[in-house]
Structure formats: structure tokens, C-alpha cells
Amino acid sequence: MSKKTYEEAQQTKFNILTAANEVFTSKGYAKTTLSDIARAAQVTRGAIYWHFENKGELLAALLEDRLERLNLLPTLRSALAEDQRDPLGMIQKWALLHFQSDTENFIVSPLGDILQQVMASEVTNEVQSRLIELIEGVQQMLQDAFKRAIALGQLSPRVDARMAAAYLQGTLLGLVMALRDGTHIAPYQSNKLIIETMFHHFNDLQAPAQR
């Protein structure tokens, strides 16, 4: 693929994602069709299928795109880089990124509402499975980042990386849901203090001694 063709394909993908965000938020996920998105993006349905298998794949791509643009995925990848000497610091940076204004705006946005509704559905469906797959990928990256912090001596070798990741994610989920529900409107410094306090206690999350 030539550079020009690649750039054109990327621009088309961007246009589709932009249109999907607009149509999803105006009509709702369930009532939106790929034809609606194609018209809004001024492309054919075939162009959409070139980039995305179905509507669910498109919604998951929107979430992944936001995680990239909000620097959440890049920060986790940085924690896992071979030349990274401060993975624990990058994990903390990743946690705090959840409370920057752009991320908070996304959390309470109409798209955030749609994602929550899909995840909260009691009926397992393809789009829910795709979103869970994406979230589990982030969870694995976080766990691996904790393992790197342990390997580099930033945490005790007895710390359980899985428990550390679950502890951090559980706290973040609670803070994020409180933000969405409007029950906890804390300034950045308050959330920063909560996160910093957590990082002082990760060494307490030690795996049971082997007999």
C-alpha cells in the first residue's frame, strides 16, 4: 500500500469513527445502523466493512480510540517498555490520567453512557464480549506492568501483581462510577491523594508464603 493510499485509508477510518460517535450519541447505539453512519461519514457501507466487521466492532474501536487519545493506552505501553526504569511511576501516572478534565468529560459523555449501558446488559452479546476483550487486554497490561515494577525492585518480590492490579482497578472503578453517578465530585488533588496513598500500600499485597 502506497503512503498516499495508506493516508487516505486512515482518513476514511477517522471520518467513520467521527461519524459513528455523532450518530451513536444522537440516535443511541441500538437505533443506529451502519447505513446511518455511512451517510454521516459520506462513505459507502463497503468502506465501513473494510475497516470494521460490524457495529459492535465500531463501538469498541471508538473506546480504543478514546483510550489512545486520552494517553491511557500509550502510558501503559510505556510502563512495559524494555528501557523503562520507572514502571511503577508510569502506573501511577496512568491512574491519575483518569482524573484529568478530558478523561472526566469522556466518562460522563453520551458515549460513556452508551458504553456503560452495553456493559451493564444482562444479556451477553457480541459487542459486550468485544468490549470485555478490550478491557481484559488493559487489565493484563496493568498486571504485567506491576510485574516489571517487582522485577526492577520498586516493589517487594513477594507482592502479588494480580492482586495489586485488582486493587488499583477496583479503586479506580469506584471513583469513576461515583463521578458518573454524581455522588462524588472530588477535585483532582483529592483523587491524587487517594491514588498516592494506595501506592504506599502495595507492598502489603504479598502472596502467601509457599510451603
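Okay, so let's go over this structure. Treat the numbers as computed from the prediction; the structure is a model and nothing was measured.

Right, let's talk about the pattern of salt bridges for a bit. Scanning the entire structure with this criterion turns up eight salt bridges. Here Glu 68 and Arg 77 are joined by a salt bridge, their closest N and O atoms 2.9 Å apart. Given the relative accessible area of 29%, Glu 68 is considered partly exposed. Judged by relative accessible area, Arg 77 falls into the partly exposed class, the value being 40%. Two residues, Glu 196 and Lys 192, come together in a salt bridge whose shortest N-O distance is 2.4 Å. Linking Glu 196 with Lys 192, this pair stays in helix α11 (residues 188-199), spanning four residues, or about one helical turn.

Here we come to the packing of helix α10 (residues 161-181) against α11. Two numbers describe how α10 lies on α11: the axes approach to 11 Å, and their chain directions differ by 165°. Classified by the angle between their axes, α10 and α11 sit roughly antiparallel to one another. Where α10 crosses over α11, the two elements pack in a sense that is right-handed. Between α10 and α11, the residues in contact are Tyr 167, Leu 168, Thr 171, Leu 172 and Leu 175 and Asn 191, Ile 194, Ile 195, Met 198 and Phe 199, respectively.

Turning our eyes to something else, we now look at a nonpolar patch on the surface. Side chains of Met 119, Ile 132 and Ile 135 sit close together on the surface and give an oily, nonpolar patch of about 190 Å² of accessible area. Its place among the elements puts Met 119 in helix α8 (residues 110-120). Look at Met 119 and you get partly exposed, because its relative accessible area is 31%.

Attention shifts here to the environment of Leu 73. Assignment of secondary structure puts Leu 73 in helix α5 (residues 72-79). Along the sequence, Leu 73 and Val 138 sit 65 residues apart, while their C-alpha atoms lie 7.7 Å from each other. Contact partners of Leu 73, with chain neighbours within four places excluded, come to Glu 64, Leu 67, Glu 68, Val 138 and Met 141.

The subject of this paragraph is the layout of surface pockets. The gaps of empty space that remain are located by a probe, the size of a water molecule, rolled over the atoms. By volume, the largest pocket amounts to about 870 Å³. Elements with a contribution of two residues or more to the lining of the largest pocket: α4 (55-69), α5, α7 (101-107), α8, α9 (126-151) and α10. Looking at the lining of the largest pocket, the element that brings in the most residues is α10, giving seven residues. Its residues assigned to classes, the lining of the largest pocket shows 17 nonpolar, seven polar and one charged.

Right, let's get into α8. The set of residues buried in α8 consists of Leu 111, Gly 112, Ile 114, Leu 115 and Val 118. Seen from one end, α8 has its buried residues packed into an arc of 160°, which puts them on one side. Turned more than 90 degrees from where α8 packs its buried face, Gln 117 and Ala 120 sit exposed.

Calculation criteria
Residues numbered from 1 in each chain as written. Predicted model: local features only at pLDDT ≥ 70, side-chain atom pairs only at ≥ 80, totals over all residues. Heavy atoms only, no water. Salt bridge = Lys/Arg side-chain N within 4 Å of Asp/Glu carboxyl O. Buried < 20%, exposed > 50% of the residue type's maximum accessible area, 1.4 Å probe, protein only. Helix = DSSP H or I, 4+ residues; strand = E, 2+ residues; numbered from the N terminus. Axes fitted to C-alpha atoms, helices over the stretch in contact; angles between N-to-C directions. Parallel < 35°, antiparallel > 145°, perpendicular 65-115°, else oblique. Left-handed = near helix turned anticlockwise from the far one by under 90°. Contact = heavy atoms within 4.5 Å. Patch = residues over 30% accessible without salt bridge, like charges linked within 9 Å, V, L, I, M, F, W, Y side chains within 5 Å. Areas by Shrake-Rupley, 256 points an atom, 1.4 Å probe, with all protein chains shown as cover. 1 Å grid on protein atoms, 1.4 Å probe; cavity = no way out; pocket = protein on both sides within 12 Å on 5 of 7 lines; lining within 4 Å. Points joined across faces, edges and corners; volume = space filled by probe spheres on them. Nonpolar A, V, L, I, M, F, W, Y, C, P; charged D, E, K, R; others polar. Arc of directions from axis to C-beta.

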